[in-house]
Each structure stands twice: as structure tokens, then as C-alpha cells.
Amino acid sequence: AFKMVKERRREHGNKIATTWAQGTAVMAFLGAGVWGFLHTLAPVNYFTHGSQITAAHGHMAFYGAYAMIVLTIISYAMPKLRGIGEAASNKAQVREMWGFWLMTVAMVFITLFLTGAGVLQVWLQRLPVDGEALSFMATQDKLAIFYWLREIAGVVFLIGLVVYLLNFTVDKKGSNLAPVDES
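Below or above, wherever it landed, is the structure these notes cover. (Residues numbered from 1 in each chain as written. Predicted model: local features only at pLDDT ≥ 70, side-chain atom pairs only at ≥ 80, totals over all residues. Heavy atoms only, no water.)

Moving on to the nonpolar core. Judged by nonpolar contacts, the single largest core of 20 residues is most densely connected at Trp20, Tyr63 and Met103. Among the secondary structure elements, those contributing two or more residues to this core are helix H2 (15-40), helix H4 (52-81), helix H5 (90-126) and helix H7 (144-166). A total of seven residues in this core trace back to one element, the largest contributor, which is H5. Residue contacts for Trp20: discarding those within four places in its chain leaves Tyr63, Met68, Leu71, Thr72, Ser75, Glu96, Phe100, Met103 and Tyr164. (Core = buried A, V, L, I, M, F, W, Y, C linked by side-chain atoms within 4.5 Å. Buried < 20%, exposed > 50% of the residue type's maximum accessible area, 1.4 Å probe, protein only. Helix = DSSP H or I, 4+ residues; strand = E, 2+ residues; numbered from the N terminus. Contact = heavy atoms within 4.5 Å.)

Here is the structure:
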């Protein structure tokens, strides 16, 4: 993706759609490739299957491989569908860039917090210490800090999504669109 953008013959005005496409490659590689591969190796998966490590892999893989490609297509198509042209205004693209970074960084932190919870979960629940492992609910109590951190990252993600959606309320000149009078 990065090589194709670097070697392109034509400069495309919709830079944010290109950013989304490049982000898709990175996040899908990390989520599906790195997290997926590491925790599905049989000796590791014996302990990690169904833990928060699985949830970490699922969050980043889905965001990178599916959600981001949909957001890429929307970012590419929306200016054309709205009759703006090839790309939205610079103001709209900057606003959408904020949405991109807020959502993507938040998803990285969600993944890291879930991974930390998963490692601790495997340690406490699946590897007996002093002869006995903790129960599922006792383990969940110990993971609470990771869940609260994940919640904070989720709120940042939501803010990024709202910023992304607000991008589509900006017209070609960069000003907010006036409501349509139906009368």
C-alpha cells in the first residue's frame, strides 16, 4: 500500500481516503497477522484460547481488515455522491484525519489493554500457582483496571467516530451545511 502510494503517477486530491487505505494495511497486518499468528500457535493457543487475548486479536483484526476498508470506501465515495467532486475541502479532510487518528490510536490502546488483561488472565486462571488456579470470576475482579482503561480508550474511539461523521456535514467551501428547507 505504501509503495503504491509512493510510486503513483497521479496525485489524488482525496488524501484522507489514501490515508484510510494505508491504515487498513497496517492495522490488518497487526491485528490479523501479528496478534492472530502469535496467539494461534498451538502451544500458545492451548492457554490463550477464549481469553482476553482472543478479544484483543478480534478487535484489531476486525477494525483493520473490515471496518477501515469500509471507512476508506465511504471517504472515497462520499464527496462524489454529495456532488462535491473528487475530494472534500481541506477543512473536511483535516477533520476526518482527526477522526482517523483518534479511532486508530484508540483501537491500538484497546488492543494493548485487552492483551494485558489476557496475559494476566492466563497467568491467574489457567496456570496454577501454589496448586490452584483462580476461578473465572475471581480472575475478572483482578482484571478490572484493564477494563476501565479499555473503557477510556473506547470513549476516545467514539469521539473519533463522531468527528469522522461530522466531516460529512461540511460543504465544498468548508462551512457547515445549512439544513434543507422541506417546504
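What follows picks up the thread again.
Let us now look at the environment of His39. Mapped onto the elements, His39 comes out in helix H2. By relative accessible area, which is 5% here, His39 ends up buried. Once residues within four sequence positions are removed from consideration, His39 is found in contact with Val44, Asn45, Thr48, Ile53, Thr54 and His57.

This part covers a nonpolar patch on the surface. Together, Phe37, Leu38, Leu41 and Val44 make up a nonpolar patch on the protein surface, roughly 350 Å² of accessible area in all. Turning to its location among the elements, Leu38 is positioned in helix H2. According to the relative accessible area criterion, Leu38 is partly exposed, its value standing at 48%. (Patch = residues over 30% accessible without salt bridge, like charges linked within 9 Å, V, L, I, M, F, W, Y side chains within 5 Å. Areas by Shrake-Rupley, 256 points an atom, 1.4 Å probe, with all protein chains shown as cover. Salt bridge = Lys/Arg side-chain N within 4 Å of Asp/Glu carboxyl O.)

A separate point is the packing of aromatic side chains. Aromatic rings considered in pairs are described by the distance between their centres and by the relative angle of their planes. Going through the model one piece at a time under the given rule, you end up with six aromatic pairs. When the centroid spacing of 5.6 Å and the interplanar angle of 40° are considered together, the rings of Phe62 and Tyr66 count as tilted. One end of the pair is Phe62 and the other is Tyr66, both in helix H4 and four residues apart, which spans about a single turn. Side by side, Phe62 and Tyr66 carry an identical accessibility label, which is exposed. Ring geometry for Phe109 against Phe113: centres 5.9 Å apart, planes inclined by 40°, an arrangement best described as tilted. Taken as a pair, Phe109 and Phe113 lie in helix H5 at a separation of four residues, close to a single helical turn. By relative accessible area, Phe113 is classed as buried at 19%. (Phe/Tyr/Trp six-rings, centres within 6.5 Å; stacked < 30°, edge-to-face > 60°.)

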